[in-house]
Amino acid sequence: MSQHIRKLERAVGRPLLVRDTRSVVLTIDGEAMVGFARSILAAHAEAADYFTGTGVRGRLRFGVTDDLALTQVPRILRDFRHLNPGVTLDLTVSQGVHLQRRVESGHVDVAFVKTNAGDGRGRLVRRDRLVWAAAEGTGLRWDEERPVPLIVYQAPSPSRDLAVRALEEAGIKHRVVRTARGVNTVLAATRAGLGLAIFVRSLLPSDLVELPGSAGLPELGELDLVLLTNPHAPAEPVEALTTAILAHTDRIRAIHGTRRWPAEPGRAGASGARPERTG
């Protein structure tokens, strides 16, 4: 294995791994190579399926939170359907907590959701920071005489819990001005200037602004974007979709060199997201 890696490093002219006596980690170029390798393997599998007449088949029930559904997920699913025409894809868009329950009950095979950072559930796709978001022109500082107006998801919601806990620990007054069931309500209320919302940074729409540290608000921490899988789900379709999502994320990292998840072209504004739980 070491010889193969050294040969690959000589071929590309760049180190792909950083080695010391205790660990081996990928370099930035190594992470890019992983993304390209997954794409190459996927293309190889597509060609093999085409000429052998085989391929992944079956029914796959996929769930995704509505905020993630506004980013690159539609494109991923289009590519997946193109590569796997033998798979019947059933899509459910809902809140993360609801999707987790449907996975556990066997009504969804795999779900793309957000969980508390490091809680160990599911297969990690990426970790991203939560940020305070507001409409353009919103005041950027809050004092003790002016409670922070919050636009939050209905409980249970990790982002809501993290925001409230952070404000309470910082001794900052707050009040909930709007409780939402879905991302569209959060977006409408925030764009109307009713208050501040909490977004995963990579899912922040381009027409909202991330409040800087000078706004005087506390750090919110991070959430994990993960894939939860029902152990009784059909293995081949689940693995094919998992590979497609991971490969797409690796390509974005390699191309943009950033943690942000770019919006799909032509989907700025209401359904756009800046370059990188429902609640």
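Numbers given to residues run from 1 along each chain, matching the order in which its sequence is written. In keeping with the model being predicted, local features are shown solely for residues with a pLDDT of at least 70 and side-chain atom pairs are shown and tallied solely at 80 or more, while totals for entire chains, interfaces and linings include all residues. Side-chain calculation: all heavy atoms of the structure are included, whereas hydrogens and water are not.

Observations regarding the side chain of Thr115
Here is step 1: Put simply, DSSP H or I for four residues or longer makes a helix, DSSP E for two residues or longer makes a strand, and each gets a number counted from the N terminus. Tracing the backbone through its elements, the reader meets Thr115 in strand S5 (residues 110-116).
Here is step 2: Judged by relative accessible area, Thr115 falls into the buried class, the value being 0%.
Here is step 3: Counted as a polar contact is a pair of N or O atoms within 3.5 Å, where, for protein atoms, one must be capable of donating a hydrogen and the other of accepting one, and residues adjacent in sequence contribute only when both atoms are in side chains. For Thr115, the side chain forms a polar contact with the side chain of Asp119, separated by 3.4 Å. The cut-offs for exposure are 20% and 50% of the maximum accessible area for each residue type, with area from a 1.4 Å probe on protein chains only; residues under the lower value are buried, those over the upper are exposed, and the others partly exposed.

Regarding the pairing of S5
Here is step 1: A large share of S5 lies buried, amounting to 6 of its 7 residues.
Here is step 2: Should DSSP find at least two bridges between two strands, the strands are regarded as paired. One ladder, built from 3 bridges, connects strand S3 (residues 58-65) with S5; its direction is parallel. Considered in S5, the bridge of Gly63 is made with Ala111.

Observations regarding the pattern of salt bridges
Here is step 1: A side-chain nitrogen of Lys or Arg and a carboxyl oxygen of Asp or Glu constitute a salt bridge if their distance falls within 4 Å. Tallied over the full model, the rule gives 12 salt bridges.
Here is step 2: Of the charged contacts, one joins Asp224 and Arg127 as a salt bridge, the two residues approaching to 2.5 Å between their closest N and O atoms. One end of the pair, Asp224, is in strand S11 (residues 222-229); the other, Arg127, is in strand S6 (residues 123-135), with 97 residues separating them in the sequence.
Here is step 3: Where Arg129 meets Glu222, a salt bridge forms, and the shortest distance between an N and an O atom there is 3.9 Å. Of this pair, Arg129 sits in strand S6 while Glu222 sits in strand S11, and the two are 93 residues apart along the sequence.
Here is step 4: Overlapping salt bridges, with partners in common, bring together Arg129, Glu219 and Glu222 in one network.

Some remarks on unusual backbone geometry
Here is step 1: The omega angle of the peptide bond from Ala155 to Pro156 is 0°, so this bond is cis rather than trans.
Here is step 2: If you trace the backbone, Pro156 turns up in the loop between strand S7 (148-153) and helix H5 (158-170).

Describing the environment of Glu31
Here is step 1: Structurally, the position occupied by Glu31 is in helix H2 (residues 28-52).
Here is step 2: Judged by its relative accessible area of 41%, Glu31 is partly exposed.
Here is step 3: Along the chain, Glu31 and Leu16 lie 15 residues apart, while their C-alpha atoms are 7.8 Å from each other.

Here's the deal with the nonpolar core
Here is step 1: Only buried Ala, Val, Leu, Ile, Met, Phe, Trp, Tyr and Cys residues count toward a nonpolar core, and they belong to the same one when joined by side-chain atoms within 4.5 Å. Counting residues in each nonpolar core, the largest one holds 44 residues, and the members touching the most others are Phe62, Phe112, Trp132, Leu211, Leu241 and Ile245.
Here is step 2: If you look at the next biggest cluster of nonpolar residues, it comprises 14 residues, including Leu70, Val186, Phe199 and Leu204.

Section: the environment of Val110
Here is step 1: Here Val110 lies in strand S5.
Here is step 2: Linking Val110 and Leu228, residues 118 residues apart in sequence, is a C-alpha distance of 5.4 Å.
Here is step 3: For this analysis, residues touch if any pair of their heavy atoms sits within 4.5 Å. If near-sequence neighbours (up to four positions away) are discounted, Val110 is found in contact with Leu60, Arg61, Phe62, Gly63, Leu227, Leu228, Thr229 and Leu241.

Overview of the environment of Tyr153
Here is step 1: In this structure, Tyr153 sits in strand S7.
Here is step 2: Residue classification places Tyr153 among the buried positions, given a relative accessible area of 4%.
Here is step 3: C-alpha separation for the pair Tyr153 and Gly182, spaced 29 residues apart in sequence, amounts to 7.1 Å.

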